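Structural overview
Listed below, chain by chain, are the residues.
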Amino acid sequence: MSAPTTATLTPPGTPDGRTRVPQGVKVERLVLHSAYLTARSVRTLFRQPAYMAITLVQPIIWLLLFGNLFKSVVDIPGFTARSGNYLEFLTPGVVIMTALFSSGWAGTVYIEDMDRGVMDRLLASPVRRGAIVVGTLAYQAITTVVQTLIIFGIAYTAGARFPGGASGVAVTVAASVLISVIIASLSDAIALLVRQQEALIGISQFIVLPLQFLSSSIIDTRVSPAWVRHVARYNPVDWASTAAREALSSGTDWGVVLPRLGFLLALACVMAWLATRAFRTYQRSI
Amino acid sequence: MSAPPSPSSPALAAEDLVKTYPAGRGADRVRALDGLTISVDAGMVFGLLGPNGAGKSSTVKILSTLSRADSGRAHVLGIDVARHADAVRASIGLVAQKPSSDPMGSGRENLVLAGQIQGLSRAAARARAAELLDRFNLGDAADRLAKTYSGGMARKLDVAIGLMHRPRVLFLDEPTTGLDPEARAEMWAEIGRLAAEEQMTVLLTTHYLEEADHLAQRLAIVDRGRVVIEGTPSELKDQLRGDAVHVEVSDATSAGTARAVLERIAGIREVTSSGATLRARVDRGARAVPAVLAALDAAGVEVASVTVARPSLDDVYLRYAGRSFEVAA
């Protein structure tokens, strides 16, 4: 994607007896390379059972903790949980929050690869920069889908019901995946620019926390100060929470859902492109 | 293996490369490369020898498409690295200075992934991985995570990863730095063997004099971003003013006579003496020894021992870089 040239020059004299995937098809290469790198990340996750357990258990704790902590916020005048059940209001919010928080760490993989020679080796190989980005994004997306379905399972078990049904769940999954892609791209780009674990985590926290609290993910912004409501209108985390919540309610207003998903998709594409561009800055520094 | 694109073009060519890095606020940019030029023929192990910061890694990074030169041109197999990076990448293997395996993957998984990324089918990658694991004696550890490997094993895995796709050019950036002497000797044997068997062009960087002497067919001494001298290791050593001859006389009182005798022999220079030991330089030590012995015998000086020492690369470095290698490193 960011390669400076569309070289038509093929390496001369490919040795015999070598099975080569047709490399002329750049898209095919992008997909294949992304798949190899995604598979590597998934494999790494399975080899770290403690980390995997935390990844999966964390959203459950948030759901149950916030669910009890803020149980009575629905009683504040102006709070519009349609069924009057905070858990049902909170579930899509925790889904988005989980996607947001886990994907903020996406760039740490890059830092580890840079600290070793893995990143240099990848960059000196025919792997497209886009594939290195898509690899981390696809991995985050897979994690987010699994986390989202677990949260729905727990919420359902705890008594929450979602009149929006399957299409509501599908919109929630889509919104959480898009948030993941947006934030993971941002995290990747920051990793490539700052190249240091501490700086990445610091910046990532600095961005993620305000995004979370200046949104309707755990509280109805109608009970927040007016400025928060205004800021939230430009906050992708709010777009995602609002779209998911609307799609899960009865009598879904698709005029609320679809534009927000559209904005999220557009932003996700822009952010992934920026992350790919960040490789240029990184390569200038080495 | 097939021949390079055109027989006249070298496998690796760097022409007047300049690379600067920012050195922090206010400071002038650091000049890592300052007009470096090298040319490496196909099928050869070429060594870049120099202390840390001399510009060896910067050269490797530019030739392997990782970074771009500020000015100058670089070609790999006749392909311009800045304009056709993709075409270059398919033909090269890079063994970076830092460990480049994924610690959470097994040796075999690392190799297979590297092969697939280079376009090998899964079956071809698995077959090649098995072959390399066997060659590098990693067969028993093949299915252990790379993070459990010893330093020597991890380095061998790095080299194997670089070889997966049978690259025509292999960059080995300080392949033995940090290894214990035994692992280093083993790595030398492997590199020597693979260079002969795979007929690759190898660009090796090192700050070990013995390593360059041992492995490289030609080498360039790099200092402050420039090549200060280039040639075969023995050519470089021949360019010093000959070999050192040490003569030990049996009786220190005859040292004065011995010195006068030596000074009269044609081709012998810089005669010095201390106690019973005389030192001199000659163009060809092996040829000078009989003359030295004959002259001393004729003068009645009894000789305890004569030794001839070839100049070391350290002497070469001292001469061309103007400072001792040990000091620079």
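Just above, that's the structure.
To keep things clear, this report deals only with the structure shown in the data block. (Residues numbered from 1 in each chain as written. Chains lettered and ligands numbered in written order. Predicted model: local features only at pLDDT ≥ 70, side-chain atom pairs only at ≥ 80, totals over all residues. Heavy atoms only, no water.)

1. A closer look at the overall build of chain B
- Secondary structure summary: chain B contains twelve helices and 14 strands in total.
- With respect to the three principal axes, the spread of C-alpha positions in chain B is 80 × 50 × 45 Å.
- Here chain B holds 329 residues, and the buried ones make up 54% of them.
- Taking the intrachain contacts of chain B between residues at least 6 apart in sequence as the baseline, contacts between residues at least 24 apart amount to 69%.
- Accessible surface for chain B amounts to roughly 13600 Å². Of this, 49% is attributable to carbon and sulfur atoms.
- For chain B, the distance from the average site of its 39 positive side-chain charges to the average site of its 41 negative ones is 6 Å. (Helix = DSSP H or I, 4+ residues; strand = E, 2+ residues; numbered from the N terminus. Buried < 20%, exposed > 50% of the residue type's maximum accessible area, 1.4 Å probe, protein only. Contact = heavy atoms within 4.5 Å. Areas by Shrake-Rupley, 256 points an atom, 1.4 Å probe, with all protein chains shown as cover. Lys, Arg positive; Asp, Glu negative; His and termini not counted. Charge placed at Lys NZ, Arg CZ, Asp CG, Glu CD.)

2. Notes on the packing of helix H3 (residues 86-103) of chain A against helix H6 (residues 129-157) of chain A
Residue and element names in this part refer to chain A.
- In contact at an axis separation of 10 Å, H3 and H6 are set at 155 degrees when each is read in the N-to-C sense. For the element pair H3 / H6, the angle class is roughly antiparallel. As H3 runs across H6, the sense of the crossing is right-handed. Residues Leu 87, Thr 91, Val 94, Val 95, Thr 98, Ala 99, Ser 102 and Ser 103 of H3 lie in contact with H6, whose contacting residues are Gln 140, Thr 144, Gln 147, Thr 148, Ile 151, Phe 152 and Ala 155.
- Residues that form the contact of H3 with H6 fall into these classes: seven nonpolar, eight polar and no charged. (Axes fitted to C-alpha atoms, helices over the stretch in contact; angles between N-to-C directions. Parallel < 35°, antiparallel > 145°, perpendicular 65-115°, else oblique. Left-handed = near helix turned anticlockwise from the far one by under 90°. Nonpolar A, V, L, I, M, F, W, Y, C, P; charged D, E, K, R; others polar.)

3. Digging into the pattern of salt bridges
Residue and element names in this part refer to chain B.
- Per the counting criterion, the structure on display carries 22 salt bridges over all chains.
- With a shortest N-O distance of 3.2 Å, Asp 86 and Arg 89 are connected by a salt bridge. Here Arg 89 and Asp 86 lie together in helix H2 (residues 85-89), a separation of three residues that amounts to about one turn. Taken as a pair, Asp 86 and Arg 89 share a single burial class, namely buried. (Salt bridge = Lys/Arg side-chain N within 4 Å of Asp/Glu carboxyl O.)

4. Brief notes about helix H10 (residues 285-298) of chain B
Residues and elements named next belong to chain B.
- Between its first and last C-alpha, H10 extends 20 Å over 14 residues, near the 20 Å set by a 1.5 Å rise per residue.
- Buried within H10 are the following residues: Gly 285, Ala 288, Val 289, Val 292 and Leu 296. The arc enclosing the buried residues of H10, seen along the axis, measures out at 115 degrees, which places them on a common side. Opposite the buried face of H10, by more than 90 degrees, sit the exposed residues Arg 287, Asp 297 and Ala 298.
- At its buried positions, H10 is contacted by strand S11 (243-249), helix H9 (255-264), strand S12 (268-274), strand S13 (277-282) and strand S14 (303-309).
- Where H10 terminates, the next one or two residues include Gly 300, which has phi positive at roughly 75 degrees. (Expected span 1.5 Å × (residues − 1). Arc of directions from axis to C-beta.)

5. What about the packing of aromatic side chains?
Residues and elements named next belong to chain A.
- Using the criterion set out here, one finds six aromatic pairs over all chains in the structure.
- Here Tyr 110 and Phe 279 contribute two aromatic rings whose centre-to-centre distance is 5.9 Å and whose plane-to-plane angle is 50 degrees, an arrangement assigned as tilted. Highlighted residues: Tyr 110 in helix H4 (residues 108-115) and Phe 279 in helix H11 (residues 254-285), separated in sequence by 169 residues. Accessibility classification places Tyr 110 together with Phe 279 in one group, the buried group.
- Taken together, a centroid distance of 5.4 Å and an interplanar angle of 90 degrees make the contact between Phe 152 and Phe 162 edge-to-face. You can see Phe 152 sitting in helix H6 and its partner Phe 162 sitting in the loop between H6 and helix H7 (165-194), a full ten residues away along the chain. Assigned by exposure class, Phe 152 and Phe 162 land together as buried.
- Across the ring face of Tyr 156, the terminal group of Arg 161 is positioned such that the distance to the ring centre comes to 3.8 Å. (Phe/Tyr/Trp six-rings, centres within 6.5 Å; stacked < 30°, edge-to-face > 60°. Lys NZ or Arg CZ within 6 Å of the ring centre and 35° of its normal.)

6. Description of the interface of chain B and chain A
- With 47 residues of chain B at the contact, the number on the chain A side is 42 residues.
- Summing both sides of the interface, chain B and chain A together bury roughly 3800 Å²; the carbon and sulfur share of this comes to 56%.
- It is Leu66(B), Met104(B) and Ile117(B) in chain B that bury the most area against chain A; as a group they hold 17% of the surface buried on that side.
- Counting every contact that joins chain B to chain A gives five salt bridges.
- Notably, a salt bridge pairs Glu109(B) with Arg47(A), separated by 2.7 Å at the nearest N-O pair.
- Seen at the junction of chain B and chain A, the total is twelve residue pairs in polar contact (both at pLDDT 80 or more). (Buried area = accessible area lost by both parts, 1.4 Å probe. Polar contact = N/O pair within 3.5 Å; in protein donor to acceptor, adjacent residues only side chain to side chain.)

7. Examining the environment of Gln58(A)
- Within the fold, Gln58(A) resides in helix H2 (residues 49-69).
- Each C-alpha atom, one on Gln58(A) and one on Thr98(A), is 8.2 Å from the other, the two residues being 40 residues apart in sequence.

8. Here's the deal with the sheet that holds strand S10 (residues 226-231) of chain B
Residue and element names in this part refer to chain B.
- Ordered by their spatial adjacency, six strands build an open sheet running S6-S7-S8-S3-S9-S10, and the pairing between neighbours is mixed. Each having just a single partner strand, strand S6 (92-95) and S10 make up the two edges of the open sheet. Across the sheet, the axes of successive neighbouring strands diverge by a mean angle of 15 degrees, strand direction being ignored.
- Where strand S3 (residues 45-49) lies against strand S8 (residues 201-206), five bridges are found, and the strand directions are parallel. Pairing of Gly 47 across the sheet is with Leu 204, part of S8. (Pairing = 2+ DSSP bridges.)

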